[in-house]
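One letter stands for each residue in the lines below.
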Amino acid sequence: MSEHTLDARNILCPLPVIRTQDAIAELDPGDVLHVSCTDPGAINDIPTWCRINGHEVVGIEQDGRDIRISVKVGSTE
């Protein structure tokens, strides 16, 4: 398992989800991706995308407009 970061700040829906999807496609199952974003819609959009695609949200933190969503990569097959 390794940890990775994605800076998706200052971009709006649907780009945070698309960039998360693209980043996860390059990772191995069990890896964790920490997504930093500022789009409030990402709080719902990224977890929904993860649930549909077999990935697990392991944490959501919000500090003002900064949001950090941590995703554990599931099977990428």
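Here is what the cut-offs are and how they apply
Residues numbered from 1 in each chain as written. Predicted model: local features only at pLDDT ≥ 70, side-chain atom pairs only at ≥ 80, totals over all residues. Heavy atoms only, no water. Salt bridge = Lys/Arg side-chain N within 4 Å of Asp/Glu carboxyl O. Pairing = 2+ DSSP bridges. Helix = DSSP H or I, 4+ residues; strand = E, 2+ residues; numbered from the N terminus. Axes fitted to C-alpha atoms, helices over the stretch in contact; angles between N-to-C directions. Contact = heavy atoms within 4.5 Å.

1. Quick word on the pattern of salt bridges
- Scanning the model with the defined rule gives one salt bridge in all.
- Arg 9 is the partner of Asp 7 in a salt bridge, and the nearest nitrogen-oxygen pair spans 2.8 Å.

2. So, the sheet that holds strand S1 (residues 3-8)
- Taken together, four strands build an open sheet; the order of strands is S1-S2-S4-S3 and the sheet is mixed. Whereas interior strands pair on both sides, the edge strands pair on one side only; in this sheet they are S1 and strand S3 (56-63). On average, each strand axis in the sheet is tilted by 15 degrees relative to the strand beside it, whichever way the strands run.
- Bridge count for S3 against strand S4 (residues 66-72) is seven bridges, and the pairing is antiparallel. Across the sheet, the residue bridging to Asp 63 is Asp 66, located in S4.
- Across the face of the sheet, helix H2 (residues 42-53) comes into contact with strand S2 (32-37), S3 and S4 while running at roughly 5 degrees to S4.

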